[in-house]
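Understanding the architecture of this molecule
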Amino acid sequence: MFDHLPTAPADPILGLSQAFRADPRSDKIDLTVGVYKDETGATPILKSVKEAEKRLLEQETTKGYLPIEGLPEFNRAVAAMAVQNAVSLDRTATVQSPGGTGACRVAADFVGRHFPGTRIWLSNPTWVNHQSIFEAAGIKALVHPYLAADKVSLDLSAMLETLKKDAKPGDMICLHACCHNPTGIDPDAAAWEQIAEVTASKGILPLVDFAYQGFGDGLVEDTVGVQALLKKHEELLICSSLSKNFGLYSERVGAMTLVAKSPAAATAALSQLKAAVRCNYSNPPRHGASVVATVLGDADLRRQWEAEVNGMRNRIHTMREKFVALMTKLTDKRDFRFLLKQKGMFSYSGLTPMQVDWLKQNKALYIVGSGRINVAGMTEKNLPVLAEAIAESLS
Ligand code: LMR
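Heads up: these notes are all about the structure in this document. (Residues numbered from 1 in each chain as written. Predicted model: local features only at pLDDT ≥ 70, side-chain atom pairs only at ≥ 80, totals over all residues. Heavy atoms only, no water.)

1. Concerning helix H11 (residues 299-330)
Given a rise of 1.5 Å per residue, 32 residues ought to cover 46 Å, and the 47 Å separating the end C-alpha atoms of H11 matches this to within 8%. At the N-terminal boundary of H11, the capping side chain belongs to aspartate 298, with an oxygen 3.1 Å from the backbone nitrogen of aspartate 300. (Helix = DSSP H or I, 4+ residues; strand = E, 2+ residues; numbered from the N terminus. Expected span 1.5 Å × (residues − 1). Polar contact = N/O pair within 3.5 Å; in protein donor to acceptor, adjacent residues only side chain to side chain.)

Following this line, the structure appears as C-alpha cells:
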C-alpha cells in the first residue's frame with residue numbers, strides 16, 4: 001500500500017527549523033519558528049515555571065487521566081485571561097488542548113460537525129497552518145485582503161469591503177488577537193471596532209487565534225480585539241496558546257474557549273466540545289496545564305510570571321530598535337523603520353524568496369520563505385552579522 005506514496009513537502013516553518021538543526025555551519029542563525037530566545041540565544045525555562053514545577057514535583061499525587069475537557073482551574077484561568085471582564089465566565093465553555101494548534105483543530109472539528117458547509121475567512125497572509133487545519137475538518141477556507149500595497153501596513157478598507165461584499169451569514173473569520181502571524185501588523189483599537197461592526201452585521205462568527213497574549217502591548221492590552229468583538233458578538237470562539245507566553249512549547253499547552261449567549265447554551269456546547277476532543281486525543285496532557293494553573297493561581301508566582309512576560313516583550317522590542325538602527329546605517333535600499341510599528345515576535349521583512357534562499361545558502365541565516373523574520377531570534381551577538389547579511393542580500 002505504501003510503496004507509491006509521494007513524499008510530502010517539508011513544512012514551511014517546522015521543516016525549515018529541522019533543516020537549521022541539521023546545518024553543520026557553526027555560525028548559523030535561526031529566525032524561523034516562533035519561539036522566544038533570550039539574549040544568549042537560548043529558549044529559557046521561565047523562573048516562575050521552574051518554581052511551579054518544583055511545587056508540583058513535591059505536591060502532585062497522581063498521573064491519572066484528566067477529564068476530557070482538561071484541568072478545570074487551568075480552563076477557568078485561561079478563559080478569564082482571554083476575555084478579562086467582558087463576559088461572565090458562566091457563558092463560556094473551555095476545553096484544554098494540545099497547544100494553540102490543537103485548540104484551532106478542536107474548534108474546526110466542532111464547527112465542521114455541527115454546522116456543515118461553514119466557510120472560514122483567513123487573512124492574506126496568515127499563519128501557514130490555518131488553511132490546513134480548517135480544511136482538514138471540512139471547512140472551506142477563503143481569503144480576505146489584509147496587507148496594503150506597501151506590505152507594511154493594514155488595508156482595513158479592502159478587508160472590510162471584501163467581507164461586506166462576499167461574506168455570508170454563518171461564515172467564520174479567523175482573527176489574530178494580537179501579534180499577527182506572519183506580519184506583526186495588528187489592527188488598532190479603532191480598527192477593531194470597525195471589524196467587529198462588520199462581522200456582527202454580516203452574521204460572521206469570529207474565531208480568535210490568541211497565540212501571543214502578552215507579546216504585543218501587554219497581557220491585558222492585548223485583549224483589545226477580543227473586547228471589541230465581545231461588545232458586538234454574543235458568541236465567538238477563542239483559541240489560546242500558553243506555549244508561548246509561558247515558554248512551555250514542548251508541553252503543548254492551549255485551550256479553546258467558546259462564548260455562548262447563555263450559561264445553558266455554554267453547558268450544552270461544552271458537552272459537544274468534549275465529544276470533539278474524545279475522538280481526537282481523548283483527554284489532554286496534565287503537566288503544562290498544571291504549571292500554568294499553579295502560576296496563575298498564586299499571587300506571587302503570577303506577579304513573577306507577568307514580569308517575565310514583560311521582559312520577553314521588551315527584549316524583542318529592543319532588538320527591533322537595534323536592528324532598525326543598524327540597517328539604517330548599513331543600507332539605503334530599504335527603510336526598515338516599519339519594524340518598530342509591528343507587534344510580537346514576527347516581522348514581515350519584505351525579503352523575496354530568492355533573497356531568503358540566498359541568505360540561507362550563503363550566510364547560514366534561516367528565515368521563513370515568505371520573508372517572515374522571528375525578531376526574538378536576534379541577539380546582541382548575532383545582530384551585526386545578520387544585519388550585514390540582510391543588507392548584502394538587498395544589493
Ligand atoms: C510559528 O508560526 O512559527 C509558530 O506558530 C510555530 C508553528 O507551529 O508554526
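2. Topic: the sheet that holds strand S7 (residues 236-241)
Here we have 7 strands laid out as an open sheet, ordered S2-S8-S7-S6-S5-S3-S4, and mixed in their pairing. Looking at which strands have only one partner, the edges of the open sheet turn out to be strand S2 (92-98) and strand S4 (140-145). The average undirected angle you get between the axes of adjacent strands in this sheet is 25 degrees. In terms of strand pairing, strand S5 (residues 172-176) meets strand S6 (residues 205-210) through 5 bridges, oriented parallel. Bridge pairing links methionine 172 to leucine 205 in S6. Strands S2, S6, S7 and strand S8 (253-259) of the sheet are contacted by helix H3 (residues 72-83), whose axis makes an angle of about 110 degrees with S2. (Pairing = 2+ DSSP bridges. Axes fitted to C-alpha atoms, helices over the stretch in contact; angles between N-to-C directions. Contact = heavy atoms within 4.5 Å.)

3. Digging into the pattern of salt bridges
Using the criterion set out here, one finds 19 salt bridges in the structure. Shared partners join several salt bridges into a network, and the residues in it are Glu51, Lys54, Arg55 and Asp298. (Salt bridge = Lys/Arg side-chain N within 4 Å of Asp/Glu carboxyl O.)

4. A word on empty space enclosed by the protein
Applying the stated criterion across every chain, the model contains 1 cavity of 30 Å³ or more. Here the largest cavity is characterised by a volume of approximately 80 Å³. Together, 13 residues line the largest cavity, and Tyr146, Leu175, His176, His180 and Pro187 are the ones closest to its centre. At 3 residues, the largest contribution of residues to the lining of the largest cavity is made by S5. Looking at the lining of the largest cavity, its residues break down into 8 nonpolar, 4 polar and 1 charged. (1 Å grid on protein atoms, 1.4 Å probe; cavity = no way out; pocket = protein on both sides within 12 Å on 5 of 7 lines; lining within 4 Å. Points joined across faces, edges and corners; volume = space filled by probe spheres on them. Nonpolar A, V, L, I, M, F, W, Y, C, P; charged D, E, K, R; others polar.)

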